Amino acid sequence: MDELTKYALYVLKSQTPRAKIAIIGGGIYGCHNAFMLAKEGFDVTLFDKEDKLFAGASGYCAFRIHRGYHYPRSQRTRDLCALDHDLFMEMYGHLTRQEGIEKIFLISSDGRSNIDYGTFVHVMNGDELPMDPVDMKAYGFKNSEGAFMASEEPMLYADYPREWFERELIDSGCKLLLGEEKGYVKEVCDSPEGNGMVAINGQSFDFAVNCTYNQAFSYSPRDYTFRFELCLVPVAALKEGQEPLSFGVFDGPFPSIEPYNFLGPLPARFAAYEGRQLYQIWHVKHIVWKRYDDAQEAWKALKEGLSEEDVAKGVADTMLDLRKFYPKFDDRFEVVGHNLAIKTMVSSASSTRPLIVVNDKSIHPRFFTIFSSKLSSVFSASQELLIAMIRSHASATPPAYVESFFKTVAINYKEQEDKGNALFDDAAHGGQNPSSSWW
């Protein structure tokens, strides 16, 4: 944990030493914040409408702990990846696989890429991200103008984080309310207890934090729009005797194949492939079966599922493009199933994945929404959340220790700006920055 976050926790505990905090959403952002706050002695309750943690995007993602390679057009996203990577690995490295994580990055030569290979390498060199040369012919890649290998991005296990967080949250005193009956948040309103408290399903809290990635109690930050995608992701198994291989084609509507790692037994639907390496096959365009403006409509479609014909078509479209770049796919892998999941996607021509934390007063003065970025960005999210919570609780004439804290915050952000790390998204936060009256 960084020093500013430690300072923020100290100030929040000084303001509200016995604060009751509701966390809505049981993905990695919700679990991390619930865990952090419960360990500090706050009275934390985590709500999730599903019957288990990590039932949404956190349990059905690519699972890479990014360093920045995947975002050659977004300096902001690369900076966020670099900022929190070491913190994530220090605290959660035991939840990741750190061997067999090599990935080959290819640049398409078919005219669809947004940048060329030379530009890609130049950007990576600028961020001092290690790259090893790759002989594309030896691997059998086609339709690519250049490639390199990176070994700097660990893989989160698909199963162990759920198990670990559930145990640690309970041991830390966090109450877990899961499932439609107890965990589905139907109402947010003023608490009858007064004192500015917020009521969640009739329970009173000092603060409520929405970690559903805008899938509940949606907020529209300035300059960004969100849509919800029903994604059909093929799953493949490595054939006996074949060497593992992970690669991605850049930079545009292209495929990638990522290791799908389990620390424990494979899920029942893949049990027949126990002992073999599984992979998820992603595609920027073809895995998206349908886009929705309303998250509830997307979840309804997920629960209904797809027909066998629809699954076959979706998988075929993805595989056709993947085989264009790697014709030897069927020699090394076999498709053994698929995953169906909901992803929240933000509009951005540069593929920026913004981290946004807002005090959504349209819901309640003590209600906060986190728009998650990458897996490792949970630490930056926590810091911004704590700062926003302190600000919401402060009076018009705050005590000296609160004023001193915000002076430190302003200095910290000014130092980041001077270093060229423009991580604070003024547009997304309504034009507010550390020098404005918001602080």
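Scope of this entry: the structure provided in the associated data block. Only a predicted model underlies this, so the values are computations on that prediction, with no experimental measurement involved.

## A word on the environment of alanine 341
Relative to the assigned elements, alanine 341 resides in strand β18 (residues 333-346). The exposure class assigned to alanine 341 is buried, which follows from its relative accessible area of 7%. When the C-alpha positions of alanine 341 and leucine 230 are compared, they lie 5.9 Å apart, and in sequence the two are 111 residues distant. The contact partners of alanine 341, leaving out residues within four places of it in the chain, are Tyr60, Glu229, Leu230, Cys231 and Leu302.

## Concerning the packing of aromatic side chains
Across all of its chains, the model carries 33 aromatic pairs by this definition. Between the aromatic rings of tyrosine 69 and phenylalanine 148, the centroid separation amounts to 6.1 Å while the plane-to-plane angle is 40°, which identifies the pairing as tilted. One end of the pair, tyrosine 69, is in the loop between β2 (43-48) and α3 (75-92); the other, phenylalanine 148, is in strand β6 (residues 144-150), and 79 residues separate them in sequence. Phenylalanine 148 matches tyrosine 69 in its accessibility class, with the two residues each being buried. Ring centres of tyrosine 92 and tryptophan 164 lie 5.9 Å apart, and the angle between their planes is 80°; this geometry places the pair in the edge-to-face category. Of this pair, tyrosine 92 sits in helix α3 while tryptophan 164 sits in helix α6 (residues 160-171), placing them 72 residues apart in sequence. On the basis of relative accessibility, which here comes to 1%, the residue tyrosine 92 falls in the buried class. Take tryptophan 164: its relative accessible area is 9%, and that puts it in the buried class.

## Structural notes on the sheet that holds strand β10 (residues 198-200)
The strand order across the open sheet formed by three strands is β9-β10-β11, and the pairing between neighbours is antiparallel. Unpaired on one side and paired on the other, β9 (188-190) and β11 (203-205) mark the two borders of the sheet. Strand after strand, the sheet turns through a mean of 40° between neighbouring axes, direction not considered. The pairing of β10 with β11 spans three bridges and is classified as antiparallel. Bridging across to β11, isoleucine 200 finds its partner in glutamine 203.

Basis of the calculations
Residues numbered from 1 in each chain as written. Predicted model: local features only at pLDDT ≥ 70, side-chain atom pairs only at ≥ 80, totals over all residues. Heavy atoms only, no water. Helix = DSSP H or I, 4+ residues; strand = E, 2+ residues; numbered from the N terminus. Buried < 20%, exposed > 50% of the residue type's maximum accessible area, 1.4 Å probe, protein only. Contact = heavy atoms within 4.5 Å. Phe/Tyr/Trp six-rings, centres within 6.5 Å; stacked < 30°, edge-to-face > 60°. Pairing = 2+ DSSP bridges. Axes fitted to C-alpha atoms, helices over the stretch in contact; angles between N-to-C directions.

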